[in-house]
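# Observations on the three-dimensional arrangement
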Amino acid sequence: MRVDLFADPACMWSWLTSRWLVEVAPQRGLQVRLRGYSLLLRDGAEGLEAWKAALWGASHRAVRVMQALQADHPDGVRGFYEALITQSLAADNAGGPPFQDLPGALAAAGLAPTYATAADDAAWDEPIRRSMAEAFAVVGQGVGTPVLVLRLDPPVGLHGPLVSPPPSGTDAVRLWDAAVAFATMPGVLELSRPRPRRPTVAGLRL
């Protein structure tokens, strides 16, 4: 089964969900593909706190690179995303800003560093919006990240699951089977439980 995970690099919940999918994919024969999502495009910059505007702005530049890769090397988006988050966690631990060394993340993923030029090309914003519209069509207009879309006929999906920490082993598979049952059962709309305000990953809170 192909599974699309729509993620903004600024969303650590998406990162944690991606770690769960990496764990469960070989156990359930999943083809996981990362898709770009921009919180900045969804909400706009007006009225954002300064720290959030800076974070989402830097992340949006990375999402443009993800979209450029999607056009040429869709299977490379995941490698870039993973290298980018790993790099940004290290930068945060060193007191630096995230999502800055886009050429370095591309190179670490075995991709051409020249794709970093897409970061400053606003022409990629419309394809990003179309990508997000695919998620909205399945899960609901304006839904946040992470968005999980199962490419069944027709596609089904859900917002989440939000996991902290990501389950592993048999627990990862149990959660996957439950998520599929939830997503494919008509009339089941929402589940909720208490959760921490923000996930913590290697000391980084976003």
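### A few points about the packing of aromatic side chains
- Enumeration over the complete set of coordinates arrives at three aromatic pairs.
- Ring geometry for Trp15 against Tyr81: centres 5.8 Å apart, planes inclined by 55°, an arrangement best described as tilted. On the criterion of sequence distance, the pair formed by Trp15 in helix H1 (residues 12–28) and Tyr81 in helix H4 (residues 76–93) is long-range, its members being 66 residues apart. Of the two residues, Trp15 and Tyr81, both sit in the buried class.

### Concerning H1
- Between its terminal C-alpha atoms H1 stretches 24 Å, which fits the 24 Å expected from 17 residues at 1.5 Å a residue.
- Taking the largest bend as the criterion, H1 deviates by roughly 25°, centred on Val22, and proline Pro26 comes between one and four positions later.
- Along H1, the positions that sit buried rather than exposed are Met12, Trp13, Ser14, Trp15, Leu16, Thr17, Ser18, Trp20, Leu21, Val24 and Ala25.
- Once H1 ends, the next one or two residues include Gly29, with phi positive near 65°.

### Regarding the pairing of strand S2 (residues 31–36)
- Taken across its six residues, S2 has five buried, putting it largely inside the fold.
- Bridge count for strand S1 (residues 2–7) against S2 is six bridges, and the pairing is parallel. Bridge assignment links Phe6 to a residue of S2, and that residue is Arg35.
- Each parallel crossover has a hand, and for S1 linked through H1 to S2 it is right-handed.

### Remarks on the side chain of Asp125
- The topology assignment puts Asp125 in helix H6 (residues 125–139).
- Accessibility expressed as a relative area gives 10% for Asp125, which makes it buried.
- The residues touching Asp125, leaving out its near neighbours within four places in the chain, are Leu41, His60 and Arg64.

### A look at H4
- Look at H4: 26 Å from first C-alpha to last across 18 residues, which is about the 26 Å you get at 1.5 Å a residue.
- All of the buried residues along H4 are Gly76, Val77, Phe80, Tyr81, Ala83, Leu84, Ile85, Ser88 and Leu89.
- Of the residues flanking the end of H4, it is Gly95, one or two places downstream, whose phi is positive at about 85°.

### As for the pairing of S1
- Of all six residues in S1, five are buried; the element is thus mostly enclosed.
- Two elements, S1 and strand S3 (residues 147–150), share four bridges in a ladder whose sense is antiparallel. Across the sheet, residue Val3 finds its bridge partner in S3, namely Leu150.

### Notes on the packing of helix H3 (residues 50–72) against H6
- Where H3 contacts H6, the axes come no closer than 9 Å and their chain directions differ by 80°. Classed by the angle they form, the pair H3 and H6 counts as roughly perpendicular. Seen from H3, the contacting residues are His60, Val63, Arg64 and Gln67; seen from H6, they are Asp125, Pro127, Ile128 and Ser131.
- Its residues assigned to classes, the contact of H3 with H6 comprises three nonpolar, three polar and two charged.

### Regarding the environment of Ala116
- Note that Ala116 resides in the loop between helix H5 (102–108) and H6.
- Sequence-wise, Ala116 and Met1 are 115 residues apart; in three dimensions their C-alpha atoms are separated by 31 Å.
- Ignoring any residue separated from it by four or fewer positions in sequence, one finds Ala116 in contact with Val65, Leu102, Pro103 and Leu106.

### Looking at the pattern of salt bridges
- Within this structure, the stated rule accounts for 13 salt bridges.
- Asp4 serves as the salt-bridge partner of Arg151, at 3.0 Å between the closest nitrogen and oxygen. Placement of the pair is Arg151 in the loop between S3 and strand S4 (156–159) and Asp4 in strand S1, with a sequence separation of 147 residues.
- The class for Asp4 is buried, based on a relative accessible area of 0%.
- The closest approach of N and O atoms between Asp75 and Arg33, which form a salt bridge, is 3.1 Å. With Asp75 in the loop between H3 and H4 and Arg33 in strand S2, the pair connects residues that are 42 residues apart, well separated along the chain.
- A single network of salt bridges, built from pairs that share partners, joins Arg2, Asp4, Arg35, Glu134 and Arg151.

Each value, and the rule that gives it
Residues numbered from 1 in each chain as written. Predicted model: local features only at pLDDT ≥ 70, side-chain atom pairs only at ≥ 80, totals over all residues. Heavy atoms only, no water. Phe/Tyr/Trp six-rings, centres within 6.5 Å; stacked < 30°, edge-to-face > 60°. Helix = DSSP H or I, 4+ residues; strand = E, 2+ residues; numbered from the N terminus. Buried < 20%, exposed > 50% of the residue type's maximum accessible area, 1.4 Å probe, protein only. Expected span 1.5 Å × (residues − 1). Bend = angle between axes of the 7 residues up to and from the residue. Pairing = 2+ DSSP bridges. Right-handed = clockwise from strand over helix to strand, strands pointing away. Contact = heavy atoms within 4.5 Å. Axes fitted to C-alpha atoms, helices over the stretch in contact; angles between N-to-C directions. Parallel < 35°, antiparallel > 145°, perpendicular 65-115°, else oblique. Nonpolar A, V, L, I, M, F, W, Y, C, P; charged D, E, K, R; others polar. Salt bridge = Lys/Arg side-chain N within 4 Å of Asp/Glu carboxyl O.

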